Amino acid sequence: MLYISTKYQIIRKDFPFYLGKTAHGGLWVQIKNLPGHLPKESPSHVFLQEIMKWNGWGYSDSRFLFNKKGQAEFTGKRYIIIGMIIPGLKDWFECTFGASLQHKTPATPLLNSSAVQPPTLNEAFVEELKSTGIPFSQDAEDRVFRAHGHCLHEIFALREGKFGRVPDMVVWPNCHNDVVKIVELASKHNVCLIPYGGGTSVSSALECPPEETRSIVSLDTSQMNRILWVDEKNLTAHVEAGIVGQDLERLLNESGYCTGHEPDSMEFSSLGGWVATRASGMKKNIYGNIEDLVVHIKMVTPQGVIEKSCQGPRMSTGPDIHHFIMGSEGTLGVVTEVTMKIRPMPEYQKYGSVVFPNFEQGVACLREVARQRCAPASIRLMDNEQFKFGHALKPQVSSIFTSFLDGLKKFYITKFKGFDPNRLCVATLLFEGDREKVLQHEKQVYDIAAKFGGLAAGEDNGQRGYMLTFVIAYLRDLGMDYYVIGESFETSVPWDRVLDICRNVKARIVRECKERGVQFPPLSTCRVTQTYDAGACVYFYFAFNYRGLSDPVHVYEQVEHAAREEILANGGSLSHHHGVGKLRKEWMRETVSNVGMGMLKSVKDYVDPNNIFGNRNLL
Amino acid sequence: MASKAVYSQRDPMLKKRDDFEDILEERRNSSDLRYALRCYAPVVYKGLCPSKAGTLKSMVLQSDQLHYVIHQVCRETGRAVDDVQEEASSILEEMAHRLQLSTVRFFAFTLSKVFKTLFRSICVNEEGIQRLQQVIQEHPVVLLPSHRSYMDFLLMSYLLYTYDLALPVIAAGMDFMGMKFVGEMLRMSGAFFIRRSFGGDKLYWAVFSEYVKTMLKNGFAPVEFFLEGTRSRTSKSLTPKLGLLNIVMDPFFKGEVFDVSLVPVSISYERILEESLYARELLGVPKPKESTSGLIKARKVLSEDYGSIHVYFGQPVSVRSLAEGRVNRCQFNLIPRHIPKKPSEDIHSFVNDSAYRLVRAQEENMVLKPWVLLASLLLQNQVSGQKRGIALDELTEQAVWLRDLSRQYGAFLHWPEHTPPSEVVSSSLSLHRGLVRISEGRVQLALGQSYAVTPEEELLSQAVIILSCASYRNQALHVFLRPALLASAIHTASSNKKQEVFNSFSFLRNMFSNEFILCPGTYCMLFTSHWCCVSTGALQVTQQEVLVTERGHRTLVFLTSMLDPFLQGYQVVCRFLCEEATEALTEKQFIPAVRKFIIKHLLAGRLRYTEVLSSDLQKNSLAALLRLGAVRKIKGYQGTLKVNTVMVNSLEDTLGGKLPTQKAVIARL
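Given the structure is predicted, the values throughout are model-derived calculations rather than measurements.

**A few points about the overall build of chain B**
Here is step 1: Looking only at helices and strands, chain B features 27 helices and 17 strands.
Here is step 2: Looking at the 669 residues of chain B, the share that counts as buried comes to 55%.
Here is step 3: In chain B, of all internal contacts separated by at least 6 residues, the share reaching a separation of at least 24 is 75%.
Here is step 4: Summed over its atoms, the accessible surface of chain B is roughly 28,800 Å², and 54% of this surface lies on carbon and sulfur atoms.

**Remarks on the overall build of chain A**
Here is step 1: If you tally the helices and strands in chain A, you get 19 helices and 23 strands.
Here is step 2: By principal-axis analysis of the C-alpha atoms, chain A measures approximately 75 × 60 × 55 Å.
Here is step 3: With 619 residues in all, chain A has 58% of them scored as buried.
Here is step 4: In chain A, the share of contacts with a sequence separation of at least 24, taken over all contacts with a separation of at least 6, comes to 76%.
Here is step 5: Of the accessible surface of chain A, which amounts to about 25,200 Å², a share of 54% is contributed by carbon and sulfur atoms.
Here is step 6: One way to put it: in chain A the 69 positive side-chain charges average out to a point 5 Å from where the 69 negative ones average out.

**Some words on the domain arrangement of chain B**
Residues and elements named next belong to chain B.
Here is step 1: By the assigned domains, chain B splits into domain 1 (52-364), domain 2 (368-446) and domain 3 (461-656).
Here is step 2: A C-alpha centroid distance of 36 Å is found between domain 1 and domain 2.
Here is step 3: Contact residues are listed per partner, giving 10 residues for domain 1 and six residues for domain 2.
Here is step 4: Together, the buried faces of domain 1 and domain 2 total about 760 Å²; carbon and sulfur atoms form 59% of this surface.
Here is step 5: Taken as a group, Glu270, Arg271 and His310 account for 51% of the area that domain 1 buries against domain 2, more than any other trio of residues on that side.
Here is step 6: Scanning the region where domain 1 abuts domain 2 turns up one salt bridge.
Here is step 7: Glutamate 270 serves as the salt-bridge partner of lysine 369, at 3.3 Å between the closest nitrogen and oxygen.
Here is step 8: Counting across the interface, domain 1 meets domain 2 through three residue pairs in polar contact (both at pLDDT 80 or more).
Here is step 9: The element best represented in the side of domain 1 that touches domain 2 is strand β9 (residues 308-313), accounting for three residues.

**Points about the sheet that holds strand β20 (residues 455-456) of chain A**
Residues and elements named next belong to chain A.
Here is step 1: A sheet is described by the order of its strands in space; here seven strands give the open sequence β20-β17-β19-β18-β22-β23-β21, paired in antiparallel fashion. Two strands bound the open sheet, and with one partner strand each, they are β20 and β21 (484-494).
Here is step 2: Across nine bridges, the pairing between strand β17 (residues 348-356) and strand β19 (residues 425-433) is antiparallel. Its bridge partner lying in β19, glutamine 349 is registered against glutamate 432.
Here is step 3: Most of the contacts of helix α15 (residues 435-451) go to β17, to which it runs at about 10 degrees, and overall it touches β17, β19 and β20.
Here is step 4: Contacts between helix α18 (residues 552-569) and the sheet are confined to β21 and β23 (535-545), with β21 contributing the most and set at about 10 degrees to the helix.

**Things to note about helix α16 (residues 345-364) of chain B**
All names here are of chain B.
Here is step 1: Across its 20 residues, α16 extends 29 Å between first and last C-alpha, which sits within 8% of the 28 Å expected from 1.5 Å per residue.
Here is step 2: Within α16 the residues assigned to the buried category are Ile347, Phe350, Val351, Asn352, Ser354, Ala355, Tyr356, Leu358, Val359, Arg360, Gln362 and Glu363.
Here is step 3: The inward-facing, buried residues of α16 contact β4 (141-145), α12 (243-253), β8 (261-269), β10 (317-318), α15 (319-323) and α20 (455-492).

**Focus: the packing of α12 of chain B against α16 of chain B**
All names here are of chain B.
Here is step 1: One can describe the packing of α12 onto α16 by two numbers: an axis separation of 11 Å at closest approach and a directional angle of 120 degrees. As the angle between them shows, α12 and α16 are arranged oblique. Viewed along their axes, α12 and α16 form a crossing whose handedness is right-handed. Within the contact between the two elements, α12 uses Leu245, Asn246, Met249 and Phe253 and α16 uses Ile347, Phe350, Val351, Ser354, Ala355 and Leu358.
Here is step 2: Per-class residue counts for the contact of α12 with α16 are eight nonpolar, two polar and no charged.

**Some words on the UniProt feature "site: Important for enzyme activity" (unreviewed entry) in chain A**
Residues and elements named next belong to chain A.
Here is step 1: In the numbering adopted here, UniProt assigns the feature "site: Important for enzyme activity" (unreviewed entry) to Arg380.
Here is step 2: Mapped onto the secondary structure, arginine 380 falls in strand β18 (residues 378-382).
Here is step 3: Since its relative accessible area comes to 4%, arginine 380 is described here as buried.
Here is step 4: Leave out the neighbours within four places in its chain, and arginine 380 touches Asp264, Met282, Val426, Ala427, Thr428, Tyr466, Thr469, Arg527, Val528 and Thr529.
Here is step 5: Within the structure, arginine 380 has its side chain in polar contact with the side chain of aspartate 264 (distance 3.2 Å).

**Some remarks on the packing of aromatic side chains**
Here is step 1: Across all of its chains, the model carries 41 aromatic pairs over all chains by this definition.
Here is step 2: Seen from their ring centres, phenylalanine 192 of chain B and tyrosine 211 of chain B are 5.4 Å apart, and the 80 degrees between their planes marks the pair as edge-to-face. With phenylalanine 192 of chain B in strand β6 (residues 191-194) and tyrosine 211 of chain B in helix α11 (residues 202-217), this residue pair connects regions lying 19 residues apart in the sequence.
Here is step 3: The exposure class assigned to phenylalanine 192 of chain B is buried, which follows from its relative accessible area of 0%.
Here is step 4: Among the residues examined, tyrosine 211 of chain B registers a relative accessible area of 1% and is labelled buried.
Here is step 5: An aromatic cluster is built from Phe66, Trp92, Phe93, Phe97, Phe389 and Tyr482 of chain A, whose rings are joined through pairwise contacts.
Here is step 6: A cation over a ring is seen here: lysine 284 of chain A above tyrosine 532 of chain A, with NZ or CZ 3.8 Å from the ring centre.
Here is step 7: If you follow arginine 271 of chain B out to its NZ or CZ, it ends over the ring of tyrosine 306 of chain B, 4.5 Å from the centre.

**Here we look at the interface of chain A and chain B**
Here is step 1: Chain A puts 13 residues into the contact, and the matching count from chain B is 15 residues.
Here is step 2: Between chain A and chain B, a total of about 1,200 Å² is buried, with carbon and sulfur atoms accounting for 35% of that surface.
Here is step 3: The three residues of chain A that bury the most area against chain B are Arg497, Arg511 and Ala569 of chain A, which together make up 42% of that side's buried surface.
Here is step 4: Counting every contact that joins chain A to chain B gives five salt bridges.
Here is step 5: The shortest N-O distance in the salt bridge between glutamate 566 of chain A and arginine 320 of chain B comes to 2.6 Å.
Here is step 6: There are 13 residue pairs in polar contact (both at pLDDT 80 or more) connecting chain A and chain B.

**Observations regarding the domain arrangement of chain A**
All names here are of chain A.
Here is step 1: Taken domain by domain, chain A comprises domain 1 (48-217), domain 2 (227-344) and domain 3 (348-470).
Here is step 2: Contacts between domain 1 and domain 2 engage 16 residues on the former and 17 residues on the latter.
Here is step 3: When domain 1 packs against domain 2, close to 1,300 Å² is buried across both sides, 67% of that on carbon and sulfur atoms.
Here is step 4: Taken as a group, His176, Val183 and Pro195 account for 35% of the area that domain 1 buries against domain 2, more than any other trio of residues on that side.

**Considerations on the confidence of the model for chain A**
When pLDDT is low, close inspection of the predicted coordinates is not appropriate.
Here is step 1: Scored by pLDDT, chain A comes out at a mean of 88, with 90% of its residues at no less than 70.
Here is step 2: Low pLDDT (under 50) marks residues 1-46 of chain A, which in the prediction has 100 contacts with non-local residues, meaning those over four places away or in another chain.

**Section: a negative patch on the surface**
Here is step 1: A surface patch of like charges, here negative, comprises Glu565, Glu586 and Glu590 of chain A together with Glu324 of chain B.
Here is step 2: Checked against the element boundaries, glutamate 324 of chain B lands in the loop between α15 and α16.

**As for the side chain of aspartate 608 of chain A**
Here is step 1: Relative to the helices and strands, aspartate 608 of chain A resides in the segment after α19 (588-607).
Here is step 2: Setting aside its immediate chain neighbours within four residues, aspartate 608 of chain A contacts Pro302, Thr331 and Phe613 of chain A.

**A closer look at unusual backbone geometry**
Here is step 1: Even without glycine at this site, arginine 278 of chain A takes up a positive phi of about 55 degrees.
Here is step 2: Checked against the element boundaries, arginine 278 of chain A lands in the loop between α8 (271-277) and α9 (284-287).
Here is step 3: Arginine 278 of chain A sits in the partly exposed class, given a relative accessible area of 32%.
Here is step 4: Of note, serine 235 of chain B is a non-glycine position whose phi angle comes to about 70 degrees, a positive value.
Here is step 5: In this structure, serine 235 of chain B sits in the loop between β7 (223-224) and α12.
Here is step 6: Taking relative accessible area as the criterion, serine 235 of chain B reaches 6% and is therefore assigned buried.

**Notes on the sheet that holds strand β3 (residues 64-66) of chain A**
Residue and element names in this part refer to chain A.
Here is step 1: The strand order across the open sheet formed by three strands is β3-β4-β5, and the pairing between neighbours is antiparallel. Strands at the two margins of the open sheet, each flanked by one partner only, are β3 and β5 (85-86).
Here is step 2: Where β3 meets strand β4 (residues 72-74), three bridges bridge the pair, whose relative direction is antiparallel. Bridged to leucine 65 within β4 is glutamate 73.

Conventions we followed
- Residues numbered from 1 in each chain as written.
- Chains lettered and ligands numbered in written order.
- Predicted model: local features only at pLDDT ≥ 70, side-chain atom pairs only at ≥ 80, totals over all residues.
- Heavy atoms only, no water.
- Helix = DSSP H or I, 4+ residues; strand = E, 2+ residues; numbered from the N terminus.
- Buried < 20%, exposed > 50% of the residue type's maximum accessible area, 1.4 Å probe, protein only.
- Contact = heavy atoms within 4.5 Å.
- Areas by Shrake-Rupley, 256 points an atom, 1.4 Å probe, with all protein chains shown as cover.
- Lys, Arg positive; Asp, Glu negative; His and termini not counted.
- Charge placed at Lys NZ, Arg CZ, Asp CG, Glu CD.
- Domains from an automatic or database assignment.
- Buried area = accessible area lost by both parts, 1.4 Å probe.
- Salt bridge = Lys/Arg side-chain N within 4 Å of Asp/Glu carboxyl O.
- Polar contact = N/O pair within 3.5 Å; in protein donor to acceptor, adjacent residues only side chain to side chain.
- Pairing = 2+ DSSP bridges.
- Axes fitted to C-alpha atoms, helices over the stretch in contact; angles between N-to-C directions.
- Expected span 1.5 Å × (residues − 1).
- Parallel < 35°, antiparallel > 145°, perpendicular 65-115°, else oblique.
- Left-handed = near helix turned anticlockwise from the far one by under 90°.
- Nonpolar A, V, L, I, M, F, W, Y, C, P; charged D, E, K, R; others polar.
- UniProt positions renumbered as here; feature names shortened; annotations may be inferred.
- Phe/Tyr/Trp six-rings, centres within 6.5 Å; stacked < 30°, edge-to-face > 60°.
- Lys NZ or Arg CZ within 6 Å of the ring centre and 35° of its normal.
- pLDDT = per-residue confidence, 0-100.
- Patch = residues over 30% accessible without salt bridge, like charges linked within 9 Å, V, L, I, M, F, W, Y side chains within 5 Å.

What follows is the structure, encoded as structure tokens:
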């Protein structure tokens, strides 16, 4: 039985820097236990916390840095890219942002516990909790660690060693019944509970409301990380909601299954978090989004436990109560157990990429692929800026031959085919299934692409595209060391508006930055990351050099706010999968109408009349 | 090229305006042919999709918008799709421009010759050109020139060619197309033709709007049209038409472009080519007998001196900034964007307000010549009954006084700084010698030299001169209008109480909103004009009252006289409607009937202002009365007018100051 999720560290085998040969099949490769990190007397959660950054993304030992020669490299032992030189990054970084390696903005290295507010405790609650034997902590580090997600303003404040309101204590339930007990006690003593899964929120959902006067308890689900059973006849698995994505996938893989749910945050985000925010995975074209994947949900609320009585695949029993739970963002209760669909692991996987002469053609191609309903497991279209970014992340090539080959490719595309290097864009593809079908499918997609002027551009480019997703969060930390701040945000939009929204939002960002005194042109770029029958999901990346600004975070927030207004004005949704949290809740009413708002409120009022789940997200 | 400052910034109230440069200067010193054949490579919109004129047409014909409407028309009329498609295609054929560089070069050559003979100079603000060049690259551009002459759009294209800027496509009225050869020439220089009215014709509207939008969105060329819809015969700005403005703003509302830049352009002529033509048109008098042929006429035009032209390219206005906080673009989220939809209430009022603002911008950047002030003074003098005119030095003194006053009110006056005022006055008078007569050191309007047979004919020939003069005075109207409304309000109000004056002001403002460009719903204007008059010392505003100061008397007299012809004109129209209107009076008969009535009164000496003969004023007053509900149009083919005699009567009395502006009336308005 596994109980410490982080005992195992993983490497994506599809990582482009992987040196050895791999057999297609398993996605995740387990490596040995981390040396010297045996659980001491402390509970396992402390372990997780110890190997992760307290003021940045991911593992403490894994980070980008510019070495003495000014070349970028990646540190740590977890990902295999250690020691690899990325020669293009420095130039790209300096050119894109006008940044300089001379101007550093290092983070506060150590967490200063004395700067953290002393906890406001509800003594009666603490006393009764002790008697249940559920582990808890009032340690400052534990509390700070669970007081934030990964919004820019949250990380920026942490790097400066500033803490706002943080939870007053942390509890670690070990199972569903522990959660029932905690919620009962919280209701009894009027304590505010904030569920905490992987902590990867980017909607200010984990921020403690500053106006909250009650004791705030962070309910960390990380110890509820077991797969309780697997039902091979129905292809379902019953899983505790605290399990993080990579563990779930790896454990299922061991028995030849997978869920196929791969959000970009899957190294750290948890099943319960996915359910609570209506998450979406990169391979949703085959496996579906979280709402398609769940069969049964168990959630503990102040009114008791909510769940369905059976596991029928579809029901006509009034509005689906799962849809009150999914997207409730921790305002109604804690998701404790989920029955999920599982699939046999794919036999074969293949990456691919297509270069288009311009973004317009690329979007037209994706639209056609969606029309013919032949989208691969994943299909993503990056704009020109992002293509260049991906290019900058190319590792040093080892042989003259490869670099010669690269030169030849470039010549073919820009000179022979006449693509403008400042306009062309690239789509990355991931095919999955049995070998024959994958190859057939691949041909179909490339044929469509060809009609839109697309040229197949090889597997490597595809892989590097997907890598970008996983390293971009680490790259943000690198940028923050050199006056560059940024973030991403997403939306979903009907097909006919995709081009318009991309153009307008990017232009709005540039314009707002200029108007707000940003001294350097910002990076304002986008990609289409998901296709649907009726529209697409669009992701925007936005970063700028903040030298010369007195309050960069405020400027950042104003620009992001303006960008969201622009999204809404162009027919985009408030969120495709990040959720609303507190960051976007000002737009909820216009998004769902007054009546819709009333509906949601009345559910909240019934389920949690005393606002025990008081994170104040969503409504 | 020498650029001279026309404006010294002495008064802090004055706006900063750009300097001008004369483009004819270079034309006089270098070869026109080389100029016409020079390399022309304008900067283009950064998002331009390179396409040929032919692909433009097919883009329009294949657009979702047009497809939708074609199928709608088919469903409604039962016609075959091919048939309707054919019609759409021929509409487009009739409409589309065929911009050709060779034609443009031809015009560049000939117009250079023509301009050099007609005008002393054509002055352009270079900074405006630079701003335009910037903005053309950033966003789709819409050029919005004022419209005082047929010359306007040729002049615009000529200027853009001169400055190596993208040539515009210009919305022109179909009437041009009547002139077979000229029409085609204009078409090849970038004009596209639209029918004057196409009321319910869905298909026409769809082709038209899609054509304009396609050109705009793709950055094919700047789109140019006249907000006022037609040439102003009176030199007053006309109430803006909203159709085309709506069309060019639509791509922004629907997110199809990031922004659209609107560039108001003010073209002011020192002497308008169509001067007397307009006056005759307004009077309903046929054109003077063209005894020999049009050719000789044209030569006569060519031999005359028309002074200079000033063209001011205003600050580009971003539709996005205008719409900020006013238009909720989400309203287009729930219906596919290609389905035509009537503009919502908020869009309509936004477009309307924007149109007014743009026309105001045109007005404010309109260069005024000293003659405009002289015309105002001479008209006032003429009415005050001094048959012998005014002494030249007195006129000069008054002109200098008015120059300073107008500058205080922010007029963009082009008064030569280093020339003695007497010279300025006499050179202005000599340029307009057709309208004024100087004898024995006295100046008066050139009336009464005609060989008319009947008194009516004589009256009309005098009216031609007076209306021509009035059109110059009207150029300055926008400067004085707001203070003048206040002055007249003080004049007509029964007491000096602030509230009374305000009531009276609001009444006049409302009454005249078809006559002048008064931005809708901006009542704070009252305070602005307060400020104007107070700061010039003409008024003293206490807690309760508004008082005219000793010094301000002259200003107030001038201001009230400025508005007086309009007040009287509206009263006369009211009286006509009360006294003479029969049951069967139709809208069509209105103008001739009211004209007859006015002539009668003028000849009998019961009316002071000959200029109330202007059909423009008559039309505007009827429109105002219709708007206020004092006159109603009976639904029917003829458009019979039904007069509410009580209300018209009370409006007339209120205008005349006989009746206090009752609260009731205001509430109704």
